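Listed below are the residues making up each chain.
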Amino acid sequence: MQMKEVIYLVAGFLIGTTLLLLQLNGYDKNCKIMKKSTTFLQRVNFFQEKSHNNVNLFNETLSEFLYENVKILCMIMTHPKNHRKKAIHVQNTWGKRCNKLLFVTSKEDLQLDTIILNLEDTRKSLWHKTKEGFLYLHKNYIDEFDWFLKADDDSYLILENLRYMLAQYNPQISLYFGHRFAKKGLKEGYMAGGGYILSKKALIKFANILVKDKTRCHIGSGAEDYEMGRCLQEEAIFVDCRDDHHQKRFFPLGIKEHLKAEVREDYWYTKTKYYNVAQGSIDCCSEYPTQFHYVKPTAMYLQDYLIYGVHPFGDDFDFQSNETLPRKLSLEEIIAASDVPSLSPFFESHQSHHNVE
């Protein structure tokens, strides 16, 4: 090889190496710029989210934020015969979106995270079972979660919508959510047992005060949801869970019952529902429903697919969502919204009293 060729070869190598180093340096700078931009966007998103107003984020990011900041422990009432018939299907569908999922039963199951209670698996013992379950949650999880859901093993919940609803409330206020029934003997009524929620403060009051007062909390048997309502009559705000259009979000019956137009005035549900809501069309129901009752296992998988797996082609599916989080409500606003007289014949006019502190 001639000297001239060697010089060209060395020069080409040096030039190529220099260009490569310049490119790598530029790439490193770009990476640093991208990292700084990402950090900035995260900070912007953080402050937007914290404001509970003007949030404009990817849908997934917003639901993730709610998952991390509106923490819900789900307590499901079941029994050994229903472990494979119902409980496992709750776990496979909506239950996996709880921050913590526990099943109250009388027998251990390696496929389920259980609270074992040595009680009879009968409807008569359901109140005692529910009470002991809540006491267990208070003892073991009160510092980890802000919201405590009790549901049956034939209920289906949309946790994203539930968190969206709960985001506007302070868990340090004693609050009680669910489908509200009017009932003679209970001034504030009670929430249907298929699915209701206690705030952290409500659970603390229930565990520390109410179960020790036999005049307000029945110790033995009784209708579970009625007894819970009786315990919380003056110790929690019975929250109006309807949406801004006064459409219901909790469904104590199968969805067909709420959609059909025929309404019998003597039907127990018609007489006991606390709020007057639309009936006979989809106008009955919020676009952000939270809970359905009497759902068969096959229907749970169907609802999971229709909610999370189906999207109509051509619909407005823009990742830059305009959805916003609701602002936090004050105690006065919560009370004012919830103390609405019922049209039920079972409603007894009274002056509400809330010993929520």
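Our structure's up above, just so we're on the same page.
The shown structure was predicted, so the numbers you read here are calculated from the model rather than taken from an experiment.

*Asks:* Quick question: what am I supposed to make of the overall build of the protein chain here?
*Replies:* Within the protein chain one finds eleven helices and twelve strands. Here the protein chain, with 357 residues, has 44% of them falling under the buried criterion. Intrachain contacts of the protein chain at a sequence separation of at least 6 include 75% that bridge at least 24 residues. Entry remark: accessible area of the protein chain is about 19,700 Å², with carbon and sulfur atoms responsible for 56%.

*Asks:* Got a minute to help me understand the state of the cysteines in this structure?
*Replies:* Disulfides are covalent bonds that connect the sulfur atoms of two cysteines. For the structure shown, the criterion picks out three disulfides. Here Cys-217 engages in a disulfide with Cys-231; their sulfurs sit 2.1 Å apart. With Cys-217 in the loop between helix 6 (200–208) and helix 7 (224–231) and Cys-231 in helix 7, this residue pair connects regions lying 14 residues apart in the sequence. Cys-284 shares a disulfide with Cys-285; S-S distance 2.1 Å. Like Cys-284, the residue Cys-285 is buried in the burial classification. For the protein chain, the disulfide bridges join cysteines in the arrangement 1-2, 3-4, 5-6, where the cysteines are counted in sequence order.

*Asks:* Could you clarify how one ought to interpret the nonpolar core in this entry?
*Replies:* Generally speaking, a soluble globular protein has its nonpolar side chains buried in company with each other. If you look at the biggest cluster of nonpolar residues, it comprises 44 residues, and the most contacted ones within it are Cys-74, Trp-94, Trp-147, Leu-162, Leu-175 and Phe-177. Considering each element in turn, this core owes the most residues, four residues, to helix 5 (residues 159–166). Once residues lying within four places of it in the same chain are set aside, the contact partners of Trp-94 are Cys-74, Ile-76, Leu-149, Ala-151, Ser-155, Tyr-156, Leu-157, Leu-159, Met-300 and Asp-304. Formed by 36 residues, the second largest nonpolar core is a distinct cluster that contains Leu-102, Leu-137, Tyr-190 and Val-211.

*Asks:* Which parts of the structure should I look at to understand the environment of Asp-243?
*Replies:* Relative to the helices and strands, Asp-243 is located in the loop between strand 10 (237–238) and strand 11 (250–251). Taking the C-alpha atoms as reference points, Asp-243 and Pro-289, 46 residues apart in sequence, are found 9.0 Å from one another. When neighbours within four sequence positions are excluded, Asp-243 is seen to be in contact with Arg-249, Ser-286 and Glu-287. There is a polar contact of 2.8 Å between the side chain of Asp-243 and the backbone nitrogen of His-245.

*Asks:* Can you help me understand the pairing of strand 8 (residues 186–191) in this one?
*Replies:* For a regular strand, side chains alternate in direction, first toward one face of the sheet and then toward the other. The buried fraction of strand 8 amounts to five of the six residues, a majority that puts the element mostly inside the structure. Two successive antiparallel strands, strand 7 (residues 180–183) and strand 8, enclose a turn made up of two residues, where Gly-185 displays a positive phi of approximately 95°.

*Asks:* What is the right way to look at the sheet that holds strand 6 (residues 175–177) in this model?
*Replies:* Strand pairing in a sheet relies on backbone hydrogen bonds, with the paired strands running either antiparallel or parallel. One open sheet holds the seven strands; their spatial order is 3-2-1-4-9-6-10, and the pairing between them is mixed. Looking at strand neighbours, the two that pair on one side only are strand 3 (114–116) and strand 10, the edges of this open sheet.

*Asks:* What's the story with the packing of aromatic side chains in this structure? I'm lost.
*Replies:* Both the distance between ring centres and the angle between the ring planes are used here to describe each pair of aromatic rings. Counting across every chain of the model gives 18 aromatic pairs. A ring pair is formed by Phe-134 and Phe-206, whose centres lie 6.1 Å apart and whose planes are at 70°; its orientation type is edge-to-face. With Phe-134 in helix 4 (residues 126–141) and Phe-206 in helix 6, this pair connects stretches of sequence that are 72 residues apart. With respect to burial, Phe-134 and Phe-206 carry one shared label: buried. Seen in terms of ring centroids, Tyr-136 and Tyr-141 are 6.4 Å apart; in terms of plane orientation they differ by 50°. Their pairing is tilted.

Rules and cut-offs
Residues numbered from 1 in each chain as written. Predicted model: local features only at pLDDT ≥ 70, side-chain atom pairs only at ≥ 80, totals over all residues. Heavy atoms only, no water. Helix = DSSP H or I, 4+ residues; strand = E, 2+ residues; numbered from the N terminus. Buried < 20%, exposed > 50% of the residue type's maximum accessible area, 1.4 Å probe, protein only. Contact = heavy atoms within 4.5 Å. Areas by Shrake-Rupley, 256 points an atom, 1.4 Å probe, with all protein chains shown as cover. Disulfide = S-S within 2.5 Å. Core = buried A, V, L, I, M, F, W, Y, C linked by side-chain atoms within 4.5 Å. Polar contact = N/O pair within 3.5 Å; in protein donor to acceptor, adjacent residues only side chain to side chain. Pairing = 2+ DSSP bridges. Phe/Tyr/Trp six-rings, centres within 6.5 Å; stacked < 30°, edge-to-face > 60°.

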